[in-house]
Amino acid sequence: DLSVHILEALPDTNNHPSTSYPLILLLHGFPELAYSWRKVLVPLANAHSGYRVVAPDLRGFGRTTTKVGPGSASQVQYEDALSSFHMLNIVEDVSSLVQALGYSSVTMLVGHDFGSLLAGHCVIAHRELFASVVFMSAPFEGINFPQAISRDIDDETKERSGASLVSSITTALAALRPPRKHYTSYFSSPSANADMLGQGRKALNDFLSGYFYMKSGAWHGNSAHPLPSAFSPSPSITELAKDLATLPEYYVMPLYESMPEVISRHSRADARDTTSKYEEVAESVYAVEFARTGFQGGLNYYRSTLSPPPPQRIAQLRALAERRVEVPAAFISGARDWGVYQAPGAERKMREGVCSREGGKPGMDKEDFVVIEGAGHWVQQEAPHRVVQELVRFLGKVKD
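Presented here is an overview of the structure given in this document. Given the structure is predicted, the values throughout are model-derived calculations rather than measurements.

A word on helix α8 (residues 201–214)
Part 1 of the reasoning: With 14 residues, α8 extends 20 Å from end C-alpha to end C-alpha; this agrees with the ideal 20 Å at 1.5 Å per step.
Part 2 of the reasoning: Those residues of α8 that fall on the buried side of the exposure criterion are Leu204, Phe207, Leu208, Ser209, Gly210, Tyr211, Phe212, Tyr213 and Met214.

Okay, here's the thing in structure tokens:
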């Protein structure tokens, strides 16, 4: 039911369309598109002996469409069923795309932002399909054991399970003075899509321009570092909430403000032209696409993570929960990206407990945890040459 739009690149020396090159697959985040990989597609394709590099618009984004009737496609609505946006369903989208491209394996899977979490689920659910993985900007903590799967887990485990933890932190953030809320809770709300689209193209342009700028390495508020609770083996909900409240407001927001209101207030306070700080052409591409599709498809990814799993996915989640990443793994981020540290302890858990080195040894090699100075959250767009350099280095290591 899915028509997938892709951007792809082949080596410049490719004179034979029938030549088969190893496949690299790039998964974008939010609010992004396949277009966010534009600066790395061709350089990656020309690395080593050549690769086929493919970046899809994921379900609910851009030019990828779902048929809702004979010959028709429609914007995703808040009222639509969430099951198609469950992470494991998107995993099946990815594996089906690999097959449709004519491949039985992927040399390197790369995911940025939400795409990083998706990439982690892909390599755990389909170990045989992916030879290596690179997480970008969002550490992958493994597949959680959902509370809904078992009624037999003890009270302490329930209290620390994903759904309970989010609910407890939501309550604790709202109790702070001033009261706060987590951005994922806002993204899951019925009003977020309309808020972010705004009234007219200028409002949308201003929001996206400010949002991209505030999460980039250029914004003064992005001096990212681990939060104190990351060093506690079992921080309390109160400790976590107080730590999270120190994050930039695009992550932990005032309770009664929308994301565009947060961005607008900071843009005014900065008293600068944020549009000139980011690529105007790129911003216009994002604005045109999201004006056409809306944000709800991407927002449903967040709603799904905060919702009980579909009943048909419970057995699969039980089988996958707590498995480790068993293929060589790397991580790349900007040094000024709070995404690395927004979940206290996630980065350490990924490096030490979830990922493997070449040969199946536990833990990620130190050299494969890469932080690029000066770059923020949009690292493959802000520092494409360094990102390509690190991806090619990791590819060479995996190949040898």
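Focus on the sheet that holds strand β2 (residues 6–9)
Part 1 of the reasoning: Read across the sheet, 7 strands follow the order β2-β4-β3-β7-β8-β11-β12 without closing on themselves; strand pairing throughout is mixed. Two strands in the sheet have a free side with no partner beyond their single neighbour: β2 and β12 (369–372). Along the sheet, successive strands turn relative to each other by an average axial angle of 15°, direction set aside.
Part 2 of the reasoning: The pairing of β2 with strand β4 (residues 52–56) spans 4 bridges and is antiparallel. Looking across to β4, one finds that Ile6 is bridged to Pro56.

Side note on the environment of Phe290
Part 1 of the reasoning: Relative to the elements of secondary structure, Phe290 occurs in helix α11 (residues 280–293).
Part 2 of the reasoning: Sequence separation between Phe290 and Glu32 is 258 residues, and the spatial gap between their C-alpha atoms is 9.3 Å.
Part 3 of the reasoning: When neighbours within four sequence positions are excluded, Phe290 is seen to be in contact with Pro31, Glu32, Leu33, Phe61, Leu197, Leu204 and Phe295.

A short note on the pairing of strand β8 (residues 133–136)
Part 1 of the reasoning: What you see with β8 is no split at all: Val133 and Phe135 on one side and Val134 and Met136 on the other are buried throughout.
Part 2 of the reasoning: With 4 bridges joining them, strand β7 (residues 108–112) and β8 adopt parallel strand pairing. Along β8, the bridge assignment pairs Leu109 with Val133.
Part 3 of the reasoning: Handedness of the crossover is the feature at issue here: the chain leaves β7, passes through helix α3 (residues 114–125), returns alongside β8, and the resulting connection is right-handed.
Part 4 of the reasoning: Both β8 and strand β11 (residues 329–334) contribute to a ladder of 4 bridges, which runs parallel.

Things to note about the pattern of salt bridges
Part 1 of the reasoning: In total, this model carries 15 salt bridges according to the counting rule given.
Part 2 of the reasoning: Here Arg52 ties to Glu8 by a salt bridge, and the two come within 2.8 Å at their closest N and O atoms. Taken as a pair, Arg52 in strand β4 and Glu8 in strand β2 lie far apart in primary sequence, 44 residues in all.
Part 3 of the reasoning: Salt-bridge contacts for Glu249 lead to Arg265; the nearest nitrogen and oxygen are separated by 2.6 Å. Here Arg265 lies in helix α10 (residues 259–270) and Glu249 lies in the loop between α9 (237–244) and β10 (252–254), a separation of 16 residues in the sequence.
Part 4 of the reasoning: According to the relative accessible area criterion, Arg265 is partly exposed, its value standing at 27%.
Part 5 of the reasoning: One continuous salt-bridge network, built from bridges that share partners, spans Asp365, Glu367, Asp368, Arg386, Glu390, Arg393 and Lys397.

Some thoughts on the packing of aromatic side chains
Part 1 of the reasoning: Summed over all chains, the structure comprises 25 aromatic pairs.
Part 2 of the reasoning: Geometrically, the ring pair formed by Phe30 and Phe61 is edge-to-face, given 6.3 Å between the ring centres and 70° between the ring planes. Separated by 31 residues along the polypeptide, Phe30 in the loop between β3 (23–27) and α1 (38–45) and Phe61 in the loop between β4 and β5 (65–69) bring together distant segments of the chain.
Part 3 of the reasoning: Phe61 sits in the buried class, given a relative accessible area of 3%.
Part 4 of the reasoning: The ring of Tyr78 has Arg303 lying over it, and the distance from NZ or CZ to the ring centre is 3.7 Å.
Part 5 of the reasoning: Positioned above the aromatic ring of Phe369 is the side chain of Arg351, whose terminal nitrogen or guanidinium carbon lies 4.0 Å from the ring centre.

Concerning helix α2 (residues 87–100)
Part 1 of the reasoning: Along its 14 residues, α2 runs 20 Å from first to last C-alpha, staying within 8% of the 20 Å computed at 1.5 Å per residue.
Part 2 of the reasoning: For α2, the buried fraction is high: 10 of the 14 residues fall into the buried class.
Part 3 of the reasoning: Among all positions of α2, only Met87, Leu88, Asn89, Ile90, Val91, Asp93, Val94, Ser95, Leu97 and Val98 are buried.
Part 4 of the reasoning: A positive backbone phi angle near 90° is found at Gly102, which sits one or two residues after α2.

Scoring rules and cut-offs
Per chain, residues are indexed from 1 in the order of the written sequence. With pLDDT at 70 or above as the cut-off, local features in this predicted model cover only qualifying residues; side-chain atom pairs require 80 or more to be listed or tallied, and sums for whole chains, interfaces and linings still use all residues. Hydrogens are left out, water is left out, and the side-chain values use all remaining heavy atoms of the structure. Helix numbering and strand numbering both begin at the N terminus, where a helix is a DSSP run of H or I of at least 4 residues and a strand a DSSP run of E of at least 2. What a helix is expected to span follows from its residue count: subtract one and scale by 1.5 Å. Partly exposed residues are those whose accessible area sits between 20% and 50% of the maximum for their type, while under 20% is buried and over 50% is exposed, using a 1.4 Å probe and protein chains only. Strands qualify as paired when DSSP identifies two bridges or more between them. Lines fitted to C-alpha atoms define the axes here, with helix axes fitted over just the stretch in contact, and angles between the N-to-C directions of these axes take values from 0 to 180 degrees. Contacts are assigned to residue pairs that have any heavy atoms within 4.5 Å of one another. Seen with the strands pointing away from the viewer, any crossover whose path from the first strand over the helix to the second strand runs clockwise is right-handed. A side-chain nitrogen of Lys or Arg and a carboxyl oxygen of Asp or Glu constitute a salt bridge if their distance falls within 4 Å. Planes of paired rings set the category: under 30 degrees apart is stacked, over 60 is edge-to-face and the rest tilted, where pairs are Phe, Tyr or Trp rings (Trp by its six-membered ring) whose centres lie within 6.5 Å. Criterion for a charge above a ring: Lys NZ or Arg CZ within 6 Å of the ring centre, and within 35 degrees of the ring normal.

In short, geometric facts, not functional conclusions.
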